[in-house]
Amino acid sequence: MEGVIKSYGSANMIHKLKNKDSLFLCVIASTLTSRITGITGAGATPELTDYTPAADVELVMLGEPLCLSEIPKTVVDGVAAPTPAVITKASLDLADIPFLVVDAGAAVKPNIPYMNINETPGGDINKGNAVDNSEKIFNNGFILGKNLSKLTDHLVIGESTPAGTTTALGVLTAMGYEVDHKISGSTPENPHVLKHNVVENGLKLSGFKAGELDTEPFKAINAVGDPMIPAVAGIAMGSTVPVTLAGGTQMTAVCAVIKGIAPEFDFSSLSIATTVFVAEDETSDINFIANQISDISIFAVDPYFEKSNTIGLVNYTKGSVKEGVGAGGAMFAAMLKNVSIEDIRIRTEELCREIF
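In the annotation of an unreviewed UniProt entry, the chain is listed under the name UPF0284 protein K8N75_03270 and assigned to Methanobacterium spitsbergense. Its UniProt record gives the chain the following Sequence similarities (unreviewed entry) comment, quoted word for word: "Belongs to the UPF0284 family."

In structure tokens, the structure reads:
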């Protein structure tokens, strides 16, 4: 694993979880925020972002999307980069890790079995009052995490939430964290100004100021967040086994909410696993955000896509996509089961050829 997994903070979790059984959850959700032009690349058009979460999990479970006629992708300057769901599928299949889907409020429901903890998608945070019932979503997630942790040694929680970096920015800003130009994005040109303007509008229309909700995370989510954040926070806090949050800067918002709910929460059994494309992103800083919250270990996996013969995967090295559908955490979990990064990359390339 040396050189492939970069550790920021303690590496104890790697040794603790080596060869342990893992269970992978993907929490899906939608918001009207993803319909804002230019705010996300998680869909060929703003309207198609409604389908992205369902299509992602259908692909991981079945090998093809059912709700869309083609694989979700991010298109930049006419060049497509495939959804990170292909990386997640390759990793989980090779390691024989079970995959479960949790609906936290997807606009389009997947055509596969899933667990429902919230039916309603989030609104447009540009207009404020984006989530109706974040505390209820959290409580449902807590129950789920408590029960699922009885089935495994290690919960890995990924997400598919278009525009999730913007809603994460909203929650972190509302809670008083310094996040200006620190949140990642799915395109090479990170639209920081657009994201910040949207968050400022949402907070104003919700009747709050930046930093005013430092001890009221549910109000922060209800104002400018998304349904995925309380769902993942609840699952993580309900778990009695170690948890890996499989995602990028969205997962720092989850950690901030956890700390806001339980200031003395012990983060030694919770870590974030992402890709090097997030950890080394010059337009954001996941470690800077995490260090403001607590002593949170972050693991970044390098799939060496610069060696790939698939142009869409090479585009990850140029700033497209970066992370999603728990790709970094799925690779991390597979490597804990002794799957090599070379095998993951080769299988990902095969899937791209099979599905495209």
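Peer 1: I'd love a proper account of the side chain of Asp103, names of residues and values included.
Peer 2: Tracing the backbone through its elements, the reader meets Asp103 in strand E5 (residues 99–103). Exposure remark for Asp103: the relative accessible area of 0% places this residue in the buried category. Polar contacts involving the side chain of Asp103 include one to the side chain of Lys109, which spans 2.7 Å. Sequence-distant contacts of Asp103, defined by excluding residues within four places in its chain, comprise Ile28, Lys109, Tyr114, Met115, Asn116, Ile117 and Asn118.

Peer 1: Break down the packing of aromatic side chains for me, with residues and values.
Peer 2: Throughout the structure, instances matching the rule amount to eight aromatic pairs. Aromatic side chains Phe24 and Phe99 sit 5.9 Å apart centroid to centroid with 25° between the ring planes, which places their arrangement in the stacked category. Taken as a pair, Phe24 in strand E2 (residues 22–28) and Phe99 in strand E5 lie far apart in primary sequence, 75 residues in all. Given the relative accessible area of 12%, Phe99 is considered buried.

Peer 1: How would you summarise unusual backbone geometry if you had to cite specific residues and measurements?
Peer 2: In most cases, non-glycine residues show a negative phi, while peptide bonds are predominantly trans. The backbone of Val321 shows a phi angle near 65°, a positive value even though the residue is not glycine. If you trace the backbone, Val321 turns up in the loop between helix H12 (311–314) and helix H13 (327–336). Here Val321 falls in the buried class, since its relative accessible area comes to 6%. The phi angle at Lys322 is positive, at roughly 75°, despite the residue not being glycine. Residue placement: Lys322 occurs in the loop between H12 and H13. What makes Lys322 buried here is its relative accessible area of 3%.

Peer 1: Pulling in residues and values, what's your account of the sheet that holds strand E8 (residues 243–246)?
Peer 2: Across the sheet, which stays open at both edges, the eight strands sit in the order E1-E10-E9-E8-E7-E2-E5-E6 with mixed pairing between neighbours. The open sheet has two free edges, formed respectively by strand E1 (5–8) and strand E6 (115–116), since each of these has just one partner strand. Helix H11 (residues 286–293) rests against E1, strand E9 (270–275) and strand E10 (297–301) of the sheet, and its axis sits at about 160° to E10.

Peer 1: Provide a residue-level description of a nonpolar patch on the surface, including the pertinent values.
Peer 2: Judged by side-chain polarity, Met61, Leu62 and Leu66 come together as a nonpolar surface patch covering roughly 240 Å² of accessible area. A relative accessible area of 31% places Met61 in the partly exposed class.

So, how was this worked out
Residues numbered from 1 in each chain as written. Predicted model: local features only at pLDDT ≥ 70, side-chain atom pairs only at ≥ 80, totals over all residues. Heavy atoms only, no water. UniProt positions renumbered as here; feature names shortened; annotations may be inferred. Helix = DSSP H or I, 4+ residues; strand = E, 2+ residues; numbered from the N terminus. Buried < 20%, exposed > 50% of the residue type's maximum accessible area, 1.4 Å probe, protein only. Polar contact = N/O pair within 3.5 Å; in protein donor to acceptor, adjacent residues only side chain to side chain. Contact = heavy atoms within 4.5 Å. Phe/Tyr/Trp six-rings, centres within 6.5 Å; stacked < 30°, edge-to-face > 60°. Pairing = 2+ DSSP bridges. Axes fitted to C-alpha atoms, helices over the stretch in contact; angles between N-to-C directions. Patch = residues over 30% accessible without salt bridge, like charges linked within 9 Å, V, L, I, M, F, W, Y side chains within 5 Å. Areas by Shrake-Rupley, 256 points an atom, 1.4 Å probe, with all protein chains shown as cover. Salt bridge = Lys/Arg side-chain N within 4 Å of Asp/Glu carboxyl O.

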